[in-house]
Amino acid sequence: MEDMKYEDVNGDSKESRLKYHDGSERTVLVTDIEIPYPEGRLIVSSTDQNGVMTHVNKSFVEMSGFTKEELIGQPHCILRHPDMPPAAFKDLWDKVQAGERWQGYVKNLRKDGAYYWVYATVIANIRDGKVKGYTSVRRKPSRKKIQECIELYPTLF
Ligand SMILES: Cc1cc2nc3c(=O)[nH]c(=O)nc-3n(C[C@H](O)[C@H](O)[C@H](O)COP(=O)(O)O)c2cc1C
């Protein structure tokens, strides 16, 4: 994944260096701008077994700020926000790889440096008894839950 570019970012941003689970690193640019989750929409994506995106719906494209072409074939961690504790994603992968459903609140980073909160449900796609990939369906989170996460997540680093 490439570093984020200043020309893609809207507003004043802070640089942050992210280390991913595979050891790779990337510089991201984050602003304080929150994009509210759109009413009545589901944001959906599917990945292969490694978390590389294979499908994204229109709401996903609109909210992430990337084009569909920029997303397909990229790892899902392209949306990772530095405020998200790695423990949350460890829990996600432990659950879905064990065939269990994972639900949680995620702060996602957009291409333009802004962020949006989602309530995600992630499941394994199983065909012929084998895990073929994963799907995440996201709904609008309540403001109360977002506030709880804003307080809790910094303590999980
Ligand atoms: C179906 C699916 C959807 C995911 N959605 C997101 C997401 O919206 N935002 C995100 O930061 N990580 C998401 N992840 C987790 C990433 O794959 C990754 O674990 C996370 O961004 C942390 O990066 P790292 O594991 O490389 O450290 C998703 C994973 C799966 C399997």
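Residues numbered from 1 in each chain as written. Predicted model: local features only at pLDDT ≥ 70, side-chain atom pairs only at ≥ 80, totals over all residues. Heavy atoms only, no water.

Chemist: Please clarify how the pattern of salt bridges should be interpreted in this entry.
Modeler: For the coordinates displayed, the defined rule picks out 15 salt bridges. Note that E70 and K111 form a salt bridge whose closest N and O atoms lie 2.7 Å from each other. Linking E70 in helix 2 (residues 68–71) with K111 in the loop between strand 5 (102–109) and strand 6 (115–127), this pair joins segments that are 41 residues apart in sequence. Across the pair D91 and K95 runs a salt bridge, and its minimum N-O distance is 3.5 Å. (Salt bridge = Lys/Arg side-chain N within 4 Å of Asp/Glu carboxyl O. Helix = DSSP H or I, 4+ residues; strand = E, 2+ residues; numbered from the N terminus.)

Chemist: Looking at this structure, how should I read the site of the ligand?
Modeler: With respect to spatial proximity, 15 residues lie near the ligand, and among them H21, C77, R80, W93 and N108 are the closest. A distance of 2.7 Å is found between a nitrogen atom of the ligand and a side-chain nitrogen or oxygen belonging to N108. Comparing atom positions with the cavity grids shows the ligand to sit within the largest pocket. Those elements that provide at least two residues to the shell around the ligand are helix 3 (86–97) and strand 7 (130–139). In terms of residue count, strand 7 provides more of the shell around the ligand than any other element does, four residues in total. In the shell around the ligand, the residues fall into seven nonpolar, six polar and two charged. (Near = heavy atom within 4 Å. Polar contact = N/O pair within 3.5 Å; in protein donor to acceptor, adjacent residues only side chain to side chain. 1 Å grid on protein atoms, 1.4 Å probe; cavity = no way out; pocket = protein on both sides within 12 Å on 5 of 7 lines; lining within 4 Å. Sits in = over half its atoms within 2 Å of the grid points. Nonpolar A, V, L, I, M, F, W, Y, C, P; charged D, E, K, R; others polar.)

Chemist: What's the story with the layout of surface pockets in this structure? I'm lost.
Modeler: Empty space among the atoms becomes visible once a probe the size of a water molecule is rolled across them. Quantified by volume, the largest pocket comes out at close to 750 Å³. As for the largest pocket, its lining consists of 32 residues, of which H76, C77, F89, L92 and W93 are closest to the centre. Mapped onto the lining of the largest pocket, the elements with two or more residues apiece are strand 3 (43–47), helix 3, strand 5, strand 6 and strand 7. No other element matches the seven residues that helix 3 contributes to the lining of the largest pocket. (Points joined across faces, edges and corners; volume = space filled by probe spheres on them.)

Chemist: It is not clear to me how the pairing of strand 6 should be interpreted in this structure. Could you clarify?
Modeler: Every regular strand shows the same layout, with side chains that alternate between the two sheet faces. Summarising the sheet, strand 5 and strand 6 pair through eight bridges and their orientation is antiparallel. Bridge pairing in strand 6 links N108 to Y116. Counting the residues between successive antiparallel strands, the hairpin from strand 5 to strand 6 contains five residues, one of them, G113, with a positive phi of roughly 90°. With nine bridges connecting them, strand 6 and strand 7 associate as antiparallel partners. Its bridge partner lying in strand 7, T121 is registered against V137. Between the end of strand 6 and the start of strand 7, which pair antiparallel, lie two residues, with D128 showing a positive phi angle near 50°. (Pairing = 2+ DSSP bridges.)

Any functional reading would require information beyond the geometric quantities listed.
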